[in-house]
Amino acid sequence: MDGLGDLPGDERGQQAQADEVARLRAELDAARQEQEAFLRAVSHDLRAPVRHILAYGRLVRETVAQSNADPEALQFLDTIAQAGQQLGSMIDGLIQLGRIGSAPATPGPVALGPVLQSAVAAARTAAAAAPALKKSAATKEPASSGEGVASAWIDTVHWDLPAAEACPVLWADAGWLQEVLVALLDNALKFSRGAQPPRIAVQVRPAPGNRVDITVQDNGAGFPAAQAGQLFQVFQRLHPASQFEGLGLGLARCRRLVARMGGTIGISAAPHQGCTVCLQLPAAGTAGPDAAAS
């Protein structure tokens, strides 16, 4: 006997459901532990050879520099070092992306206004601290470098933001929401560098089903509309790294975080006419798929 035979029918059904839930939770916990073990192994096993490449590359560069060899050889070694550093960053990004699915969610009511203000401030600070402004795809003008130039450029950005008190309360993970907004604003700033003047607009409006639409729009470089779906894939870029820095992981990470919060995200654009990202999330009082997760 399974221990349920002596229970009334309703109680047997409830007990069976409870047992099934417990079994599924146990399987989910086991899968999360297995994934984390895999990511730890990947982190160690892939990072080790990259560290060796960078370390021995520096030693070779020092030896070549002391021997007064052809300067072109030093340029080759610098290229190897840059590629190694990029590979390390790509590995780090993949590991962080892989951990989103098993990360504990803390959903609850989140006032959008303060989070948006904080995200704008963080994006402005990061853009002002950028070491250089890359060549603009929109204007084809040479880049200007230096923190002072970056700070001056930030001051030319025209912001169209909703008043904090006019923003709704969302059902979301506050940390994830902040991360997504910062990433979208970072992109808007980066790709609107060549606009005269750069403009970034954030709009918030109610959507059917007790949900909220948040759009982030810029007037920057844009891209062909048919390629929009590619941007949510890993390491997908539509502009050369020489024009706009980045690994091509930001929107893929945003998509996974938004999905964990029960939302959706989409993007549209046109070449040299800017880009619009539409983010939809549940309003407060609506439980997303991770509402009961911890």
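Residues numbered from 1 in each chain as written. Predicted model: local features only at pLDDT ≥ 70, side-chain atom pairs only at ≥ 80, totals over all residues. Heavy atoms only, no water.

Along the protein chain, the regular secondary structure elements total 6 helices and 7 strands. The N-to-C order of helical and strand elements in the protein chain reads α-α-β-α-α-β-β-α-β-β-α-β-β. Once local pairs closer than 6 in sequence are excluded, the contacts in the protein chain between residues at least 24 apart make up 70%. Total accessible area on the protein chain is roughly 16,100 Å²; 56% of this is exposed by carbon and sulfur atoms. (Helix = DSSP H or I, 4+ residues; strand = E, 2+ residues; numbered from the N terminus. Contact = heavy atoms within 4.5 Å. Areas by Shrake-Rupley, 256 points an atom, 1.4 Å probe, with all protein chains shown as cover.)

Chain-level statistics for the protein chain give a pLDDT mean of 78 and a share of 73% at 70 or above. Scored below 50 in pLDDT, residues 133-146 makes 34 contacts in the model with residues more than four places away or belonging to other chains. (pLDDT = per-residue confidence, 0-100.)

For helix H2 (residues 71-98), spanning 28 residues, the distance from its first C-alpha to its last is 41 Å, which sits close to the expected 40 Å at 1.5 Å a residue. Listed in full, the buried residues belonging to H2 are Leu 74, Leu 77, Gly 84, Gly 88, Ile 91, Gly 93, Ile 95, Leu 97 and Gly 98. (Expected span 1.5 Å × (residues − 1). Buried < 20%, exposed > 50% of the residue type's maximum accessible area, 1.4 Å probe, protein only.)

Right, let's talk about the pattern of salt bridges for a bit. A side chain of one charge can pair with a side chain of the opposite charge if their charged atoms are brought near each other. The final tally for this structure, using the stated rule, is 3 salt bridges. With a shortest N-O distance of 2.6 Å, Arg 61 and Asp 78 are connected by a salt bridge. Of this pair, Arg 61 sits in helix H1 (residues 9-66) while Asp 78 sits in helix H2, placing them 17 residues apart in sequence. A salt bridge links Asp 155 to Arg 124; its shortest N-O distance comes to 3.7 Å. Taken together, the residues Asp 155 in the loop between helix H4 (147-154) and strand E2 (158-160) and Arg 124 in helix H3 (residues 112-128) connect sequence positions 31 residues apart. By relative accessible area, Asp 155 is classed as exposed at 59%. For Arg 124, a relative accessible area of 29% corresponds to the partly exposed category. (Salt bridge = Lys/Arg side-chain N within 4 Å of Asp/Glu carboxyl O.)

Another point: the packing of H3 against helix H5 (residues 174-191). Between H3 and H5, the least distance of the axes is 8 Å, while the angle of their chain directions is 45°. Taken together, the axes of H3 and H5 lie oblique to each other. The handedness of the crossing between H3 and H5 is right-handed. Taken together, the residues of H5 that come into contact with H3 (itself represented by Leu 112, Val 115, Leu 116, Ser 118, Ala 119, Val 120, Ala 122, Ala 123, Arg 124, Ala 126 and Ala 127) are Leu 177, Gln 178, Leu 181, Val 182, Leu 185, Asp 186 and Leu 189. Within the contact of H3 with H5, the residues separate by chemical class into 14 nonpolar, 2 polar and 2 charged. (Axes fitted to C-alpha atoms, helices over the stretch in contact; angles between N-to-C directions. Parallel < 35°, antiparallel > 145°, perpendicular 65-115°, else oblique. Left-handed = near helix turned anticlockwise from the far one by under 90°. Nonpolar A, V, L, I, M, F, W, Y, C, P; charged D, E, K, R; others polar.)

With respect to topology, 5 strands assemble into an open sheet ordered E2-E4-E5-E7-E6, the strand pairing being mixed. Edge strands, defined here as strands with exactly one partner in the open sheet, are E2 and strand E6 (264-269). With strand direction ignored, the average angle separating the axes of adjacent strands in the sheet is 15°. For E6 and strand E7 (residues 275-282), the ladder comprises 6 bridges, and the chain directions are antiparallel. Looking at the pairing, Ala 269 lines up with Cys 275 of E7. (Pairing = 2+ DSSP bridges.)

What follows covers unusual backbone geometry. Cis rather than trans, the peptide bond between Gln 196 and Pro 197 has omega equal to -10°. Of note in the backbone geometry, Asn 210 takes a positive phi value of approximately 60° without being a glycine. As for its placement among the helices and strands, Asn 210 is situated in the loop between strand E4 (199-207) and strand E5 (211-218). Unlike most non-glycine residues, His 272 shows phi in positive territory, near 60°. As for its placement among the helices and strands, His 272 is situated in the loop between E6 and E7. Residue His 272 is classed as exposed on the basis of its relative accessible area, which comes to 53%.

Okay, the pairing of E7 next. Most of E7 is tucked away, with 6 of its 8 residues classed as buried. Sheet topology places E5 next to E7; 8 bridges connect them, and they run antiparallel. For Val 212, the partnering residue across the bridge sits in E7 and is Leu 281. Linking two consecutive strands that pair antiparallel, namely E6 and E7, is a turn of 5 residues; a positive phi of about 60° is found at His 272 within it.

For E5, the buried fraction is high: 7 of the 8 residues fall into the buried class. Between E4 and E5, which follow one another and run antiparallel, lie 3 residues, and Gly 209 among them has a positive phi close to 80°.

If you look at the biggest cluster of nonpolar residues, it comprises 50 residues, and the most contacted ones within it are Leu 185 and Leu 189. Not counting the four nearest positions on each side in its chain, Leu 185 is found in contact with Ala 119, Val 120, Ala 123, Trp 159, Ile 200, Val 202 and Val 216. (Core = buried A, V, L, I, M, F, W, Y, C linked by side-chain atoms within 4.5 Å.)

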